[in-house]
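# Examination of the molecular architecture
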Amino acid sequence: MFKVKLVRSLIGCTPAQRKTLAALGLKRIRQENTLKDTPAVAGMIENVKHLVEVSKS
């Protein structure tokens, strides 16, 4: 399981990055979501790694 937390603003992000964050369930700064450890989720996190904080749980 991944615990993902949005730590940077969406201002200045590309539309694709905004859609990726929405798919991860993150809309506001400091919002957290727990996701399953799948290759698809890992790929989405990799695309927005500069905006989120990730920890294994």
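Everything quoted here is computed from the prediction, not taken from an experiment.

We now examine the sheet that holds strand E3 (residues 52-56). Spatially, the 3 strands line up as an open sheet ordered E2-E1-E3, and their pairing is antiparallel. Strand pairing shows two members of the sheet lacking a second neighbour, strand E2 (32-35) and E3, which therefore form its edges. Strand-to-strand, the axes of this sheet are offset by a mean angle of 20 degrees, without reference to chain direction.

Ranked by size, the top nonpolar core spans 13 residues in total, and within it Val4, Leu21, Leu24, Leu26, Ile45, Leu51 and Val52 carry the most contacts. For this core, the elements supplying multiple residues, two or more each, are strand E1 (2-6) and helix H2 (39-47). Among the elements that line this core, the one with the most residues is E1, at 3 residues. Look past the residues within four positions of Val52 in its chain and what remains in contact with it is Val4, Lys5, Leu6, Val7, Leu21, Leu26 and Ile45.

What counts, and where the lines are drawn
- Residues numbered from 1 in each chain as written.
- Predicted model: local features only at pLDDT ≥ 70, side-chain atom pairs only at ≥ 80, totals over all residues.
- Heavy atoms only, no water.
- Pairing = 2+ DSSP bridges.
- Helix = DSSP H or I, 4+ residues; strand = E, 2+ residues; numbered from the N terminus.
- Axes fitted to C-alpha atoms, helices over the stretch in contact; angles between N-to-C directions.
- Core = buried A, V, L, I, M, F, W, Y, C linked by side-chain atoms within 4.5 Å.
- Buried < 20%, exposed > 50% of the residue type's maximum accessible area, 1.4 Å probe, protein only.
- Contact = heavy atoms within 4.5 Å.

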